[in-house]
Amino acid sequence: MAEYFHSVTLDRDACKGCTHCVKRCPTEAIRVRDGKAKIIKERCIDCGECIRICPHHAKQAIFDPLESMESFPYRIALPAPALYGQFNNLDDVDILLEALHMLGFNEVFEVARAAEIVSDSTRRLMSSGMLQRPVISSACPAVLRLIRVRFPELIPNILPLRAPIEVAARMAKKEAVERTGRTPEEIGVFFISPCPAKVTAVKRPLGSKQSAVDGVLAIRDVYPKLIRLMKEVSVTAEQSSAGRMGMGWGSSGGEAAALLNDRYLAADGIENVIKVLEDLEDDKFTDLDFVELNACSAGCVGGVLNVENPYVAKAKLKRIRKYRPVSCNHIEDEVPRAVKYDSVIDYEPVMELDSNLSAAMEKMRRMQELEDSLPGLDCGSCGAPTCRALAEDIVRGFAAADDCIFRIKENLATLAEDAARRDAANEKEGVK
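Conventions used here
Residues numbered from 1 in each chain as written. Predicted model: local features only at pLDDT ≥ 70, side-chain atom pairs only at ≥ 80, totals over all residues. Heavy atoms only, no water. Pairing = 2+ DSSP bridges. Helix = DSSP H or I, 4+ residues; strand = E, 2+ residues; numbered from the N terminus. Contact = heavy atoms within 4.5 Å. Axes fitted to C-alpha atoms, helices over the stretch in contact; angles between N-to-C directions. Salt bridge = Lys/Arg side-chain N within 4 Å of Asp/Glu carboxyl O. Buried < 20%, exposed > 50% of the residue type's maximum accessible area, 1.4 Å probe, protein only. Expected span 1.5 Å × (residues − 1). Arc of directions from axis to C-beta. Polar contact = N/O pair within 3.5 Å; in protein donor to acceptor, adjacent residues only side chain to side chain.

Engineer: Sorry if this is basic, but what is going on with the sheet that holds strand 7 (residues 135-136) here?
Structural biologist: Consider a sheet: its strands pair through backbone hydrogen bonds, and that pairing is either parallel or antiparallel. Taken together, the 3 strands give an open sheet; going across it, the order is 7-11-10, and neighbouring strands pair in parallel fashion. In this open sheet, the two strands that pair with only one neighbour each are strand 7 and strand 10 (264-268). Note that strand 10 and strand 11 (residues 290-294) share 5 bridges and pair parallel. Within strand 11, the residue paired with Asp268 across the bridge is Asn294.

Engineer: Hey, could you run me through the sheet that holds strand 8 (residues 187-193) in this one?
Structural biologist: Reading across the sheet, the 4 strands line up as 6-5-8-9 and stay open at both edges, with parallel pairing between neighbours. Every interior strand has two partners, whereas the edge strands, strand 6 (107-108) and strand 9 (215-218), have only one. Together, strand 8 and strand 9 form the strand contacts of helix 8 (residues 219-230), whose direction differs from that of strand 9 by roughly 65°.

Engineer: So what exactly am I meant to see when it comes to the pattern of salt bridges here?
Structural biologist: Any two side chains of opposite charge can pair, so long as their charged atoms come close to each other. Under the defined criterion, the tally for this structure stands at 29 salt bridges. Arg170 serves as the salt-bridge partner of Glu166, at 2.5 Å between the closest nitrogen and oxygen. Of this pair, Glu166 and Arg170 are both found in helix 6 (residues 164-180), 4 residues apart, which corresponds to roughly one turn of the helix. Take Glu166 and Arg170: they sit in the same class, and that class is buried. Glu369 is the partner of Arg365 in a salt bridge, and the nearest nitrogen-oxygen pair spans 2.4 Å. Pair noted here: Arg365 and Glu369 are both in helix 13 (residues 357-373), with a separation of 4 residues, about one helical turn. By relative accessible area, which is 41% here, Arg365 ends up partly exposed. Look at Glu369 and you get partly exposed, because its relative accessible area is 39%. Overlapping salt bridges bring together Arg24, Glu49, Arg52 and Glu271 as one network.

Engineer: Even after reading the chapter, I still don't get the pairing of strand 3 (residues 36-39), so can you show me in this structure?
Structural biologist: Looking along a regular strand, one sees side chains alternate from face to face of the sheet. Pairing geometry for strand 2 (residues 30-33) and strand 3, over 4 bridges, is antiparallel. When the bridges of strand 3 are listed, Val32 appears paired with Ala37.

Engineer: What should I look at first to understand helix 12 (residues 310-321) in this one?
Structural biologist: For an α-helix, the turn length of 3.6 residues means that residues three or four places apart are oriented alike. The terminal C-alpha atoms of helix 12, which comprises 12 residues, lie 16 Å apart, in line with the 16 Å expected from a rise of 1.5 Å per residue. All buried positions along helix 12 are accounted for by Ala313, Lys316, Leu317 and Ile320. Burial along helix 12 is one-sided: seen end-on, the buried residues are contained in an arc of 100°. Residues of helix 12 that are exposed and angled more than 90 degrees away from the buried face: Tyr311 and Lys318. Looking at the packing, one finds that the buried side of helix 12 touches helix 3 (93-102) and helix 9 (244-248). Sitting at the amino-terminal end of helix 12 is Asn309, which places a side-chain oxygen 2.9 Å from the backbone nitrogen of Tyr311.

Below you can see the structure in the form of structure tokens.
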């Protein structure tokens, strides 16, 4: 049995049992049972959509506290490109990087720098003709998990390169070991994240046997402290080592544009991502080389651990990038080992009705019968997102047909009619 870790959790005390999250979950991983939401952990991809949509703030994201960095004598910050778009009137990225030093980090390694390495590696691999087209970006961990559980036929299309966060962690730790003489165990690498899916990607990585990241901090957690420290920064030396290409990864379309190839598609928002994946599965795109997919609207700037409106942050990031060099980081002839996957991504059959094909077909037949008997309103009153999902829950033994409120009303109406007929018959018999 696979071991699951999820960075999205439920606060049962705050949950009111509404169906907002049930209706919006892209993998139908949430039900309402006994008046409270329940997350089906095998299906959850940690996209954070339930956190975004819950009106009662009953969904929470797990991340590491800032104090966790004190466990390491030497600390490295990995700021996500999305972090740059959170601040008003930030014209000089070096002010932000200096504030991170003041926060307690010995070193700052921009994830945007690693993003440029990944972009260069992707261009090399695509030009070699070794990749199955269209190539699907491997940067968004929520999308990777979505493909793994719902679109397994597309797994061979996934770009076999680590996300920039992992590449940055490996590069940063390696350089720090060589420069300081410290052991890798003494060096803590902390990613400053815009989304909870990155937390899960560190705890249960895909494409890597083990993550090189030691902790994941939330942008919204460090933001107020950085705001205060940035006011204290005076003149600072140039520290940023990333260009427009790397910083562009923070918003939708940035990764694809960095490939210098116009045969690409970029989609953001989990519902749009699903539509694109369905079309890819149906072979509707025959002239694409690359597909960039971001679970969050507007890209990483839309993650639920950010503080700024995603589209405002996207505009701010665009302004910051304007005067940066095109790209500051490149690779030699071969793709570095730190960039390549060291393990395969396997299909996770959490959607299968049964491991036995004959049993699965019988359950599918029963499920179809049940769905046909339900009203087809997809109202969510039963606690499942759709009538089809309720039919599946019944087949799996997790629900009963009477969970449908309309079925209950029909049964009550039938009982009332039967009672009325009996009363009428008894009354007629009494008259005789």
